[in-house]
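Geometric and topological summary
Now for the letters of each chain:
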Amino acid sequence: MLEGYDKFLKLRRYVLDALDKVDMSNGCKPYEGEFEIAFSYLNYFEEADCGRSDEPDFYDITLHCYVLGPKRHYHWYGSTIEQAVRNCYRDVSKWIKEEQEADYGA
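All of these numbers come straight from a predicted model, not from anything done at the bench.

Take the pattern of salt bridges next. Here the structure, examined in full by the defined rule, presents 3 salt bridges. Among the salt bridges present, the one from E47 reaches R52, with a minimum N-O distance of 3.7 Å. Residue classification places E47 among the buried residues on the basis of a relative accessible area of 13%. E101 serves as the salt-bridge partner of K97, at 4.0 Å between the closest nitrogen and oxygen. Of this pair, K97 and E101 both sit in helix α3 (residues 81-103), 4 residues apart, which is roughly one turn of that helix. Among the residues examined, E101 registers a relative accessible area of 33% and is labelled partly exposed.

This part is about the nonpolar core. Grouped together as the largest cluster of nonpolar side chains are 23 residues, with contacts concentrated most on L19, F35, I61, W76 and V92. Contributing elements (two or more residues each) for this core: α1 (5-20), β2 (58-64), β3 (73-78) and α3. Ranked by residue count, the leading element in this core is α3, at 7 residues.

The next point concerns the packing of aromatic side chains. In total, this model carries 9 aromatic pairs according to the counting rule given. Ring geometry for F8 and F35: centres 5.4 Å apart, planes at 90°, overall edge-to-face. Here F8, found in helix α1, pairs with F35, found in strand β1 (residues 34-40); they are 27 residues apart in sequence, far enough to count as distant. Judged by relative accessible area, which is 13%, F35 ranks as buried. Ring centres 5.2 Å apart and planes at 85° place the aromatic pair Y44 and F45 in the edge-to-face group. For the pair formed by Y44 and F45, the shared burial category is exposed.

If you walk across this open sheet you meet the 3 strands as β1-β2-β3, and the pairing is antiparallel. One side of each edge strand has no neighbouring strand; the edge strands of this open sheet are β1 and β3. Strand-to-strand, the axes of this sheet are offset by a mean angle of 20°, without reference to chain direction. As defined by bridge partners, β2 adjoins β3 across 6 bridges and the pair is classed as antiparallel. In the strand pairing of β3, I61 is matched with W76. Against the sheet, α1 contacts β1 and β2, and its axis sits at roughly 155° relative to β1.

This structure, assessed with the given rule, holds 0 disulfides. A disulfide-free cysteine, C65 has its sulfur positioned 9.9 Å from the sulfur of C28, the nearest such atom. Assessed through its relative accessible area of 0%, C65 is described here as buried. Summary of cysteine pairing: C88 is not part of a disulfide, and the nearest cysteine sulfur, belonging to C65, is at 10 Å. Judged by relative accessible area, which is 0%, C88 ranks as buried.

Scoring rules and cut-offs
All chains use their own residue numbering, which begins from 1 and follows the written sequence. For this predicted model, a pLDDT threshold of at least 70 governs which residues receive local features, and a threshold of 80 or more governs which side-chain atom pairs are given and counted, while totals over whole chains, interfaces and linings are taken from all residues. The side-chain numbers reported here are obtained from all heavy atoms of the structure, hydrogens and water having been left aside. One side-chain nitrogen of Lys or Arg within 4 Å of one carboxyl oxygen of Asp or Glu is enough to make a salt bridge. Throughout, exposure labels follow a simple rule: accessible area from a 1.4 Å probe, protein chains only, divided by the maximum for the residue type, with under 20% read as buried, over 50% as exposed, and the rest as partly exposed. Going along the chain from the N terminus, every DSSP run of H or I of four or more residues is numbered as a helix, and every run of E of two or more is numbered as a strand. Residues enter a nonpolar core if they are buried and are Ala, Val, Leu, Ile, Met, Phe, Trp, Tyr or Cys, with the set joined through side-chain atoms within 4.5 Å. Geometry of aromatic contacts follows a simple scheme: Phe, Tyr and Trp rings, the Trp one being its six-membered ring, pair when their centres are within 6.5 Å, and the pair is stacked under 30 degrees between planes, edge-to-face over 60, tilted otherwise. Each pair of strands is called paired provided DSSP finds at least two bridges between the two strands. Working convention: axes come from line fits to C-alpha atoms, limited for helices to the stretch in contact. Angles between N-to-C directions cover 0 to 180 degrees. Every residue pair with non-hydrogen atoms within 4.5 Å of one another is taken to be in contact. Sulfur atoms of two cysteines make up a disulfide when they are within 2.5 Å.

Shape is all these values report; function is a separate question.
Listed below in structure tokens is the structure:
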């Protein structure tokens, strides 16, 4: 298994658990909570300059979610999967907190 992938799975479960609590009666999309992870590798010319590596150059986490956050589609990047997960968690946890506060009239 990819090192750090367990952190991504924990983040995914966190979002899905939050979505369980969202009132979607006012509208939602069929892609709620859909995640994607992309690994990017240097191209031939960049590797010629930097040396060959089997490690990705960066990771891209995409979340498709209409009912959490200000938009519908989000991207977070990192040089490691852990960094991309941290960047995603920073935003998602804020949105989840805002959603929960809105539910309680805070």
